[in-house]
Amino acid sequence: MTSRDKPDRPWLIRTYSGHSSAAASNALYRENLARGQTGLSVAFDLPTQTGYDADAPEALGEVGKVGVPIGALPDMETLFDGIPLSRMNTSMTINATAPWLLALYVAAAERQGADRRDLLGTTQNDLVKEFLSRGTYMLPPEASLRLQTDVIAFTVRELPKWNPVNVCSYHLQEAGATPVLEVSYALANALTLLDAVRAREDVDAALFPEVAGRISFFVNAGIRFVTEMVKLRVMGDLWDELLQDRYGVADPRLRRFRYGVQVNSLGLTEQQPENNVYRIALEMLGVVLSKRARARAVQLPAWNEALGLPRPWDQQWSLRLQQIMAFETDLLEHDDLFDGSSAVTALEEELAADVRREMAWIEAEGGVIAAVASGAMKERLVVANAERLARIERGEQKVVGVNCFEESAPSPLAGGDGGGADQILVVDAGAGAEQIARLEAHRVQRNKNDVAAALQALRDAAKSGASVMEPSIRAAHAGVTTGEWGAVMREVFGEYRAPTGLGAVVTTPDGSAPGGLEAARAAVRRASDALGRRLKLLVGKPGLDGHSNGAEQIAVRARDAGMEVVYEGIRLTPAQIALAAEEEGVHVVGLSILSGSHLELVPAVLAALRARDLADVPLVVGGIIPEADRPALLALGVARVFTPSDFDLNAIMTAIAEVAAASAAAA
């Protein structure tokens, strides 16, 4: 270890942001850039991520909630108004609609007068993690892979400074992946992409090493920051080895492991949320301490993300943490602090061996695409997440403020001493209607013939196997909307529903059940006796939110508690949920909503149940629900409301059984 006179350049400093509208998000971006942010990381709302317009029935309640809505080119121009795209480094967290959003970005840059070859940034463009963990996919796996490689081949030729894919293991960890699963799934995913690109006719052998050099990663860093640091050192070594041995990439610069990071949001707690500040700082250490495995870009969550959408001030607090780490400490003045450490070397060797075994298992399953389609990879994630939750419930994995050191003075940050409901950002209730009005006005003023011609050219390219990128850019200039682009893709390739991964998962074998499960089983037996048959629960995911981890774990634990469980996966309409409740004859309907759309989706589900004469079937709701919204949900007729503070799944099972028993008694 040596120190140097000239410190290293800091990583790219970002915050992940976007909400309500393009204009509101533009104002936020300008504000963050003025405060020292050095790149943009754009969050898109769920309709934009899944290829729907704001006025589509599927978009009910979701417009502008978890990101910015982009309906057409004017929205993209507004989003970057006053921000020269030829000089900005922009990361776009977009996957299923990545070809379309990149096309809109290129078109917006061209409207600014920029040369597309000057554009600098990243599209996430990773569909495997969508099938496994995040859920914002549109098309079947093979078609998704085709569009991913369209983006990669296009950018290598036309956008030489652009990273066309950000292989994302972030959500795998959120879904419960261990370091072994996270590294092996991400690397296997990247190899699948490279194999598919190498097979394309428009990427020759001379260009292929450039493709390999343009693959980047987006990772998660949890609280066990020594483990996370080792994980990233191993990931870098294995990536270098694979590119050299499997593909013959000779230039070491093109074999560099380039990654950005957001530290773990899963571990942020609703209880004592001020503790999250320390968690975020420690998690960041895992990705900056080791020079050899230092992140190229960092974005940090805000302390209050377990409560709701962070305010600009909360994002500034996270921004300042990065700036203090980069500019006040001596971190960037030294060579790698861990090279030569026997302890670190031993951990690296153990993890690398486990990753190689897991990657061999994926190959034995037929490769990534086959293992995604069969549900084999998803099932391992569900099991790993169930085991993680069980350790927390048993107290084996300590979470301060949750299962230990729970006593706390009231927090002024979280409303304990007057903080009140203004502790989070609440999206304007009129944001959806305003976006729909903008979309309708756009449709009126555009040239219909140009739109029709552009859509036909897009359709022809998709059907013929040609790249969709240039037709998408032409469609963007013609005024095609996000929903229209998505409709063409669905028409050509069909829709898809990924396996849930529940299968025959057994998480609580005899003798190892978390404490309280026997009490939950007894409550289920009592409710079943009162009902005259086994208690049957429908777990529903309404809206476009694809975060299914919580719903999956509720379904697994309900089954372990003795309930009969109906779970059909994500992105169900209220009408589909009500139909399933009727056809399956369920006793309780449980909704999981994490996108902040509960005040719109819950009334819609209740109305759909009433339309089928199921008003007497009790409804329970879980998700990221601010305390201020609880009375409104209960007033609507919701029987129980659960939030992240309700980490004891057995207690939730007991509560659901009690709701069912009370319903039986009232019948």
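Preceding this paragraph is the structure being described.
Note that the coordinates shown come from a computational prediction; the quantities given were computed from them, not determined experimentally. (Residues numbered from 1 in each chain as written. Predicted model: local features only at pLDDT ≥ 70, side-chain atom pairs only at ≥ 80, totals over all residues. Heavy atoms only, no water.)

Visitor: Can you walk me through the packing of aromatic side chains in this structure?
Guide: Ring pairs (aromatic) are described by centroid distance and by the angle formed between their planes. Evaluation of the coordinates by the stated rule reveals 13 aromatic pairs. For the pair Phe80 and Tyr105, a centre-to-centre distance of 5.3 Å together with 90° between the ring planes defines the contact as edge-to-face. Of the two residues, Phe80 sits in the loop between helix 3 (73–79) and strand 4 (89–93) while Tyr105 sits in helix 4 (residues 98–111), which places them 25 residues apart along the sequence. Note on Phe80: relative accessible area 1%, which makes it buried. Taking the relative accessible area as the measure of exposure, Tyr105 reaches 0% and is therefore buried. Measuring from centroid to centroid gives 6.2 Å for Trp100 and Trp485, while their planes differ by 20°, and the two rings are stacked. With Trp100 in helix 4 and Trp485 in helix 19 (residues 482–493), this residue pair connects regions lying 385 residues apart in the sequence. (Phe/Tyr/Trp six-rings, centres within 6.5 Å; stacked < 30°, edge-to-face > 60°. Helix = DSSP H or I, 4+ residues; strand = E, 2+ residues; numbered from the N terminus. Buried < 20%, exposed > 50% of the residue type's maximum accessible area, 1.4 Å probe, protein only.)

Visitor: Just to check I follow, could you spell out the sheet that holds strand 1 (residues 12–14) for this structure?
Guide: Backbone hydrogen bonds hold the strands of a sheet together, and the pairing may be parallel or antiparallel. Reading across the sheet, the five strands line up as 1-10-9-8-7 and stay open at both edges, with parallel pairing between neighbours. Looking at which strands have only one partner, the edges of the open sheet turn out to be strand 1 and strand 7 (165–168). Pairwise comparison of adjacent strand axes, ignoring direction, gives a mean angle of 25° for this sheet. Helix 8 (residues 179–198) rests against strand 7 and strand 8 (215–221) of the sheet, and its axis sits at about 165° to strand 8. Lying over the sheet, helix 11 (residues 276–288) contacts strand 8, strand 9 (259–263) and strand 10 (297–299), oriented at roughly 160° with respect to strand 9. (Pairing = 2+ DSSP bridges. Axes fitted to C-alpha atoms, helices over the stretch in contact; angles between N-to-C directions. Contact = heavy atoms within 4.5 Å.)

Visitor: What am I meant to see in helix 17 (residues 448–464) here?
Guide: Because each turn of an α-helix spans 3.6 residues, side chains separated by three or four positions end up pointing in the same direction. Taking 1.5 Å per residue, 17 residues should reach 24 Å; helix 17 reaches 24 Å between its end C-alpha atoms and fits that length. All of the buried residues along helix 17 are Val451, Ala454, Leu455, Leu458, Arg459, Ala461 and Ala462. All buried residues of helix 17 lie within an arc of 165° about the axis, which places them on one face of the element. Helix 17 presents Asn449, Lys463 and Ser464 as exposed residues on the side facing more than 90 degrees away from its buried surface. Buried residues in helix 17 make contact with helix 6 (141–158), helix 18 (469–478) and helix 19. (Expected span 1.5 Å × (residues − 1). Arc of directions from axis to C-beta.)

Visitor: I would appreciate a short explanation of the sheet that holds strand 3 (residues 40–43) in the present structure.
Guide: The strand order across the open sheet formed by five strands is 2-3-4-5-6, and the pairing between neighbours is parallel. Unpaired on one side and paired on the other, strand 2 (16–17) and strand 6 (162–163) mark the two borders of the sheet. Both strand 5 (residues 120–123) and strand 6 contribute to a ladder of two bridges, which runs parallel. The residue bridging Thr122 from the neighbouring strand is Asn163, located in strand 6. Packing against the sheet, helix 4 makes contact with strand 4, strand 5 and strand 6, and its axis sits at approximately 150° to strand 4.

Visitor: Mind showing me how you'd approach the environment of Tyr105 here?
Guide: Through-space distance from the C-alpha of Tyr105 to that of Pro209 is 26 Å; in sequence the pair is 104 residues apart. Every residue in contact with Tyr105, bar those within four places of it in the chain, is listed here: Met76, Phe80, Leu85, Met88, Thr90, Met92, Leu119 and Trp162.

Visitor: Please explain the nonpolar core as it appears in this structure.
Guide: A general tendency of soluble globular proteins is for nonpolar side chains to be buried together. Grouped together as the largest cluster of nonpolar side chains are 170 residues, with contacts concentrated most on Trp11, Met76, Phe217, Trp239 and Met489. A per-element tally of this core places helix 8 first, with 13 residues. Each of two domains, domain 1 (13–407) and domain 2 (507–666), supplies a minimum of three residues to this core. The next biggest cluster of nonpolar side chains, apart from the first, holds 25 residues, and it includes Val566, Leu614, Val621 and Leu633. (Core = buried A, V, L, I, M, F, W, Y, C linked by side-chain atoms within 4.5 Å. Domains from an automatic or database assignment.)

Visitor: What is the right way to read the packing of helix 17 against helix 19 from this model?
Guide: Helix packing geometry: the angle between the two helix axes and the distance between the axes. Orientation of helix 17 relative to helix 19, taken along the N-to-C sense of each, is 35°, at an axis distance of 10 Å. Taken as a pair, helix 17 and helix 19 cross one another with a handedness that is right-handed. Side by side, helix 17 and helix 19 meet where Val451, Leu455, Leu458, Arg459, Ala462 and Lys463 of the first sit next to Glu484, Trp485, Val488, Met489, Glu491, Val492 and Phe493 of the second. Residue composition of the contact of helix 17 with helix 19, grouped by class: nine nonpolar, no polar and four charged. (Left-handed = near helix turned anticlockwise from the far one by under 90°. Nonpolar A, V, L, I, M, F, W, Y, C, P; charged D, E, K, R; others polar.)

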